[in-house]
Amino acid sequence: MRIVVCIKQVPSTEAKVQMDPVKGTLIREGVESVVNPFDEYAIEEGVRLKERYGGEVIAVSMGPPQAKDALRQALAMGADKAALLSDRAFAGSDTLATAYTLSLAIKKLGEIDLVICGKQATDGDTAQVGPGLAQRLGFRQLTYVCKVREINLEGKKIVVERLLDEGVQVVETTLPALMTVVKDINQPRLPNVISIRRAARTEIPIWGPQDLNGDQAKFGFDGSPTQVVRIFTPPPRAGGQILEGEVPEVVSKLLDALSSQQVISI
Amino acid sequence: MALKVIKERCTGCGLCVQVCPYNAIKLSDENVAEILESCILCGQCIEACPMKALLMEEKHGEEATGYRGVMVFVEHEFGRINHVSFELLGKGRELADKLMVPLCAMVMGDGAKDMAKEVGAYDVDEICVVDAPHLREYQTNPYVREAENIINEYRPEIVLIGATTLGRDFAGALATRLETGLTADCTGLDIDLEKRLLLQTRPAFGGNIMATILCPYKRPQMSTVRPKVMPMPEKVTKDGAHIIEIEPISTPKDLLLSILDFIKDTAGTVNLADADIIVSGGRGIKGPENFKMLFELAQVLGGAVGASRAAVDSGWIPYAHQVGQTGRTVRPKLYIACGISGAIQHLAGMQTSDIIVAINKDPEAPIFKVANYGIVGDLFKVVPEIIRQVKERKAKSAVS
């Protein structure tokens, strides 16, 4: 079974993202980068499925050269190979261009049974690249997967559980498929020293537009229909009040305040 | 500008390859002209091509013209229309009026005609209806195919979809099929009247940054919109929504997934995405048994129960309840945080709630910075007291 895991390097959430007030762009320097948290579950699931059904896991990322660090983490967690899509031509990609570019990279990898992505990335929070990629590849689309019940490689079947608003949907479909995963699916492993060393030695090819058999006009800024025209910091929440007094009194004040604002109807 | 090959027209005759002074065209493996990087856009090949298969495309040419109107995707599950669809009809009306164009809705499903009547009560001009038994339950492929067909036929300039679990599965696939721009999870929509463009504003980086996004050249301009941000519109009494029945282009064969089972979550009485009130517990809850108290509070208030990552990771409550960056983003009218310190990753999932109440014994907890009302104290005393007083007030109002 050949599995591709798509990952993204994102700024750490713990670091507060700030704007350059003059240029109106995000200050990315000095902000620690991490593997998008949802993608760690994607990597782990890919590796677990490989352990269960055999085959290989290939991690793919698109981003600046330092996104290799994210791929090294995937390798350390058990991915067999990795490839980085990095070129100035890819800069400024929105979700349409990103999914397009990733789809070409996956096609380049030959026959693939399953693509795994995190549900969304914590910087853009769009959750659009997974579905976009499934469409580009013509793979079955399985979003919000919280459990892979079974894969039947001979029959090309997969049964998964999807975490929806009101419960869990159990779905069967045929491979090849693309699934986006949520946190509930597993507990990502911590790589050990040996696997970290192995990952450090693994060569990660860097692919540019010349390596992909695609339409140049669909890459990067030119291939991105959406344009960010303005970014701003939202106004901070108005300062609240601390209610003081004995418990019954405080609770009474709270309920008075909430019902006078019609937040609760009692 | 770019030189484009219309593959369907190219016969692979190779005349363009011969005339190109820059060796910038070759025939691909499929015997179709392929433009290489050395192309300088001189245009000689265009004249040489007998099939008119080559054309100079103004980058972002006239693709934006010929699209008119605002289209709202009506989402439903278990036979109920999601409230976000009505919210979008309200916002859609405002945008359509500014642009002086019609407001349309698209409804697909089994019994879509009946649902269209409900939609028609919200001041819609036209409703495209695809009514077919195989569309009873949402599945990506048939729904996207039907929507693509409707959009290609009616060519709306704007398409609005709820940023729900279902809506985000659908929108990402649809925008890709249409090869147009899609902006996720918008919390503000407006029109730049001069350019007739949709101004889409959304939070990013967990709400630390807001971005306004345009889709200037591709059509339709597509947005998913966060539920409960746009106000619910009033129903209107005028009848007159024009119903357009459309023959389905998908068939049961397009159902690529077999839905084997649905295991309804019985732990939460109301789902987090829909709840107006959320009572959430964190590390301060101290153990799984104490969540009972929060479920009781949620029940007396008519809300749902959420949790911080710390509580979920400790195994006290299932992941489906997790609010925050790796859980759900919620925006209820009232969020009561019990024993939650307010780590950035938690705030990212709830800081746009209308009213936040924080109960925590640590007066320095960051949650108090975003709370409208803070109670510094022992939640094991405060929460039962809230339950008691709410019940008492309810009993009184029932008597009076």
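The rules behind each value
- Residues numbered from 1 in each chain as written.
- Chains lettered and ligands numbered in written order.
- Predicted model: local features only at pLDDT ≥ 70, side-chain atom pairs only at ≥ 80, totals over all residues.
- Helix = DSSP H or I, 4+ residues; strand = E, 2+ residues; numbered from the N terminus.
- Buried ≥ 20, exposed ≤ 12 C-beta atoms within 10 Å, placed from the backbone.
- Contact = placed C-beta atoms within 7 Å.
- Core = buried A, V, L, I, M, F, W, Y, C linked by C-beta atoms within 7 Å.
- Pairing = 2+ DSSP bridges.
- Axes fitted to C-alpha atoms, helices over the stretch in contact; angles between N-to-C directions.
- Nonpolar A, V, L, I, M, F, W, Y, C, P; charged D, E, K, R; others polar.
- Domains from an automatic or database assignment.
- Expected span 1.5 Å × (residues − 1).
- pLDDT = per-residue confidence, 0-100.

Visitor: Explain the overall build of chain B here, please?
Guide: Looking only at helices and strands, chain B features eleven helices and 22 strands. Over its C-alpha atoms, taken along the principal directions, chain B stretches across nearly 85 × 50 × 50 Å.

Visitor: Where do I start with the overall build of chain A in this structure?
Guide: The number of helices and strands found in chain A is six helices and 15 strands. In terms of overall dimensions, chain A has C-alpha extents of about 65 × 50 × 40 Å along its principal axes. Considering chain A as a whole, with its 266 residues, one finds that 48% of them fall into the buried category. Summarising the internal contacts of chain A: among those between residues at least 6 apart in sequence, 68% fall at separations of at least 24.

Visitor: What exactly am I supposed to notice about the nonpolar core here?
Guide: Side chains of nonpolar character tend, in soluble globular proteins, to be buried together. Ranked by internal contacts, the top residues of the largest apolar core, which has 132 residues, are A:V5, A:A59, A:A74, A:A79, A:V115 and B:V107. Of the residues forming this core, the biggest block, eight residues, is contributed by helix α3 (residues 95–108) of chain A. With 51 residues, the next largest nonpolar core counts B:Y335, B:C338, B:A365 and B:I367 among its residues.

Visitor: It is not clear to me how the sheet that holds strand β22 (residues 373–376) of chain B should be interpreted in this structure. Could you clarify?
Guide: Whenever strands of a sheet pair, they do so through backbone hydrogen bonds, lying parallel or antiparallel. Here we have six strands laid out as an open sheet, ordered β15(A)-β22(B)-β21(B)-β20(B)-β18(B)-β19(B), and parallel in their pairing. The strands lining the two open edges of the sheet, one partner per strand, are β15 (241–243) of chain A together with β19 (304–307) of chain B. Each strand axis lies, on average, 20° off the axis of its neighbour in the sheet, ignoring direction. Sheet topology note: the strand β18 (residues 277–281) of chain B/β19(B) ladder contains four bridges and is parallel. Its bridge partner lying in β19(B), B:S280 is registered against B:G306. Set on the sheet, helix α6 (residues 247–260) of chain A makes contact with β15 of chain A together with β20 (334–338), β21 (355–360) and β22 of chain B; between it and β22(B) the angle comes to about 170°. Contacting β18, β19 and β20 of chain B, helix α7 (residues 291–301) of chain B crosses the sheet at an angle of about 170° to β18(B).

Visitor: Explanation requested: the environment of A:D94 in the structure shown.
Guide: Following the sequence through the fold, A:D94 ends up in the loop between β7 (81–85) and α3. Exposure remark for A:D94: the 24 C-beta atoms within 10 Å place this residue in the buried category. A C-alpha to C-alpha distance of 46 Å links A:D94 and A:L255, two positions 161 residues apart in sequence. Excluding its chain neighbours within four sequence positions, the residues that come into contact with A:D94 are A:S224, A:P225, A:T226 and B:G181.

Visitor: What is the right way to look at the interface of chain B and chain A in this model?
Guide: One frequent convention defines the size of an interface as the accessible area lost when the parts assemble. The interface is formed by 75 residues belonging to chain B together with 71 residues belonging to chain A. Broken down by class, the residue content of the side of chain B that touches chain A amounts to 38 nonpolar, 22 polar and 15 charged. Judged from the five bridges that link them, strand β14 (residues 227–232) of chain A and strand β14 (residues 209–214) of chain B form a sheet pairing that is antiparallel. Bridging across to β14(B), A:F232 finds its partner in B:M210.

Visitor: Mind showing me how you'd approach the pairing of strand β5 (residues 70–73) of chain B here?
Guide: Consecutive side chains of a regular strand alternate in pointing toward one face of the sheet and then the other. Residue and element names in this part refer to chain B. A two-sided burial pattern is seen for β5, the buried positions comprising V70 and V72 on one face and M71 and F73 on the other. As paired strands, β5 and strand β10 (residues 158–162) are joined by three bridges and run parallel to one another. If you follow M71 over to β10, its bridge partner there is V159.

Visitor: Even after reading the chapter, I still don't get the domain arrangement of chain B, so can you show me in this structure?
Guide: Split into domains, chain B comes out as domain 1 (2–57), domain 2 (70–254) and domain 3 (277–399). The C-alpha centroid of domain 2 of chain B is placed 39 Å from the C-alpha centroid of domain 1 of chain B.

Visitor: Mind showing me how you'd approach unusual backbone geometry here?
Guide: Most peptide bonds take the trans form, and the phi angle of most residues other than glycine is negative. Here A:L175 and A:P176 are connected by a cis peptide whose omega angle stands at 5°. For A:P176, the position within the fold is in the loop between β11 (167–174) and β12 (177–181). That bond from B:R219 to B:P220 is cis: its omega, -5°, falls within 30 degrees of zero. As for its position among the elements, B:P220 is in the loop between β14 and β15 (221–225). Phi at A:Q262 is positive, roughly 55°, even though this residue is not glycine. Counting through the fold element by element, A:Q262 comes out in the segment after α6. On the basis of neighbour counts, which here come to 8 C-beta atoms within 10 Å, the residue A:Q262 falls in the exposed class. A positive phi angle, near 55°, is found at B:R196, a position not held by glycine.

Visitor: I tried to follow helix α3 (residues 83–99) of chain B on my own but got confused; where do I start?
Guide: Count 3.6 residues to each turn of an α-helix, and residues three or four apart come out pointing the same way. Residues and elements named next belong to chain B. In a regular helix each residue adds 1.5 Å, so 17 residues correspond to 24 Å; α3 covers 25 Å between its end C-alpha atoms and thus fits that length. On its buried face, α3 is in contact with β5, β7 (80–81), β8 (103–109), β10, β12 (188–192) and β15. Among the residues trailing α3, M100 stands out with phi positive, at a value near 55°.

Visitor: Would you mind going over the confidence of the model for chain B with me for this structure?
Guide: Parts of the prediction with low pLDDT should not have their coordinates interpreted in detail. When pLDDT is averaged along chain B, the result is 91, and 96% of the positions lie at 70 or above. Scored as a complex, the prediction yields pTM 0.85 and ipTM 0.93.

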